[in-house]
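In case you want the letters, here they are:
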Amino acid sequence: MGLLTGKTALITGAARGIGKAIALRFAGEGANIAFTDLAIDENGLKTQEEIAAKGVKCKGYASNAANFAETAQVVDQVKKDFGSIDILVNNAGITKDGLMLRMTEQQWDAVIAVNLKSAFNFIHAVTPIMMRQKAGSIINMASVVGVHGNAGQCNYAASKAGLIALAKSIAQEMGSRGIRANCIAPGFIETAMTAALPENIRKEWINHIPLRRGGTVDDIANVATFLASDLSSYVSGQVIQVDGGMNM
C-alpha cells in the first residue's frame, strides 16, 4: 500500500518537468493520475505511458487551463473517468520576463491568466467534488519569488504571490469541509529552462544557496507527496519553500 493508494490526483501542466515528476511520484505511491497540458502530443502520450507503467490508471487531457469553461468540462470528464478527484495540483505556468518599464500588457495578461487564473478555474471546478467527498488536498505550485519578489519578473512574482493568497483563502473557506490547501515555493530547480542559463549565472545562484546545489524535480515531488497524503492531514494554509535554504 502506497501513501496515495485509492486516490485520484489531477495535475495541471504535467506532460513534462516538475508536473511530470509529481505525477510519476504520486503514481509510485498508488494514485491514479489525470493530467492536463495545452496539447497531448507525442510527449504527452509518452508521459501517459510512463505513468501507467507504474500500475495505475492514467489519462492525459488537452486543456487550456486559463479557459474557465474548458476547465469545467475537463474536470467533469475526469470525474466521470475516474470517479473521484482527491488531489489537485495547480502546476501549469509560464514566464514572460521583463523589466516593468518594458513589459507589455500582453506579457502581463498571459502570465496572470496561465499561472493564476488557471488555479482559480480548477479550484472552482474541483471543490464541489471534494466537498461532497468531505476530503481533498489542493496544492498550488508557487515560487520563492512569490514570497520575496524578483526584479524583472513582476508579472511572474505577482502571479505566484496570488497563488499563495489563494491557497490560504481556500484553506480558511474549505477547512470545515475537510479540504486542505497549501503551496510549494520552489527555488532554483534543475530543469531544461535553468540548464539553458549561462554558466556564470548558474554559479552565482548556487553560491547563494546554503546547500550549494540546485534542487531537483524529485525534491519538489517529495514535498508534494507529503502534502497530498495523510501525513499532512493537519497541515493547511502553509507555504513550504523548497530552495536549499536560499531564502531564509
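Residues numbered from 1 in each chain as written. Predicted model: local features only at pLDDT ≥ 70, side-chain atom pairs only at ≥ 80, totals over all residues. Heavy atoms only, no water.

Trainee: Sorry, what's going on with the overall build of the chain here?
Mentor: The helix and strand inventory of the chain stands at 9 helices and 7 strands. Compactness check: the chain gives a C-alpha radius of gyration of 17 Å against a globular reference of 18 Å for 248 residues, within 12% of the reference. Expressed as lengths along the three principal axes of its C-alpha atoms, the size of the chain is roughly 50 × 40 × 35 Å. Looking at the chain as a whole, 48% of its 248 residues are labelled buried. Summarising the internal contacts of the chain: among those between residues at least 6 apart in sequence, 72% fall at separations of at least 24. With the model as given, the accessible surface of the chain reaches about 11,600 Å², and the carbon-plus-sulfur share is 55%. (Helix = DSSP H or I, 4+ residues; strand = E, 2+ residues; numbered from the N terminus. Rg over C-alpha atoms; globule rule 2.2 N^0.38 Å. Buried < 20%, exposed > 50% of the residue type's maximum accessible area, 1.4 Å probe, protein only. Contact = heavy atoms within 4.5 Å. Areas by Shrake-Rupley, 256 points an atom, 1.4 Å probe, with all protein chains shown as cover.)

Trainee: Would you explain the sheet that holds strand S4 (residues 87–90) in this entry?
Mentor: Each strand in a sheet pairs with its neighbour through backbone hydrogen bonds, running either in the same direction (parallel) or in the opposite one (antiparallel). Across the sheet, 7 strands lie side by side as S3-S2-S1-S4-S5-S6-S7; this open sheet has parallel pairing. Across the chains shown, the open sheet's two edge strands, defined by having one partner strand only, are strand S3 (58–62) and strand S7 (239–242). With strand direction ignored, the average angle separating the axes of adjacent strands in the sheet is 15°. For strand S2 (residues 32–37) and S3, the ladder comprises 5 bridges, and the chain directions are parallel. Residue pairing for S3: Asp37 is matched across the bridge by Ala62. Sheet strands in contact with helix H4 (residues 105–133) are strand S1 (8–11), S2, S4, strand S5 (136–141) and strand S6 (179–186), and its direction is about 175° off that of S4. (Pairing = 2+ DSSP bridges. Axes fitted to C-alpha atoms, helices over the stretch in contact; angles between N-to-C directions.)

Trainee: What is the right way to look at the state of the cysteines in this model?
Mentor: Working definition: the covalent bond between the sulfur atoms of two cysteines is a disulfide. Applying the stated criterion across every chain yields a total of 0 disulfides. Of all cysteine sulfurs, the one in Cys154 lies closest to Cys183, which takes part in no disulfide; the gap is 20 Å. (Disulfide = S-S within 2.5 Å.)

Trainee: Explain the packing of H4 against helix H6 (residues 154–174) to me, please; I cannot follow it from the model alone.
Mentor: When two helices pack together, you describe them by how their axes are tilted relative to each other and by the distance separating the axes. One can describe the packing of H4 onto H6 by two numbers: an axis separation of 8 Å at closest approach and a directional angle of 15°. Overall, the two elements H4 and H6 adopt an arrangement that is roughly parallel. Where H4 crosses over H6, the two elements pack in a sense that is right-handed. Across the interface between the two elements, Gln107, Trp108, Val111, Ile112, Asn115, Leu116, Ala119, Phe120, Ile123, Thr127 and Met131 of H4 pack against Cys154, Asn155, Tyr156, Ala158, Ser159, Lys160, Gly162, Leu163, Leu166, Ile170 and Met174 of H6. In the contact of H4 with H6, the residues fall into 15 nonpolar, 6 polar and 1 charged. (Parallel < 35°, antiparallel > 145°, perpendicular 65-115°, else oblique. Left-handed = near helix turned anticlockwise from the far one by under 90°. Nonpolar A, V, L, I, M, F, W, Y, C, P; charged D, E, K, R; others polar.)

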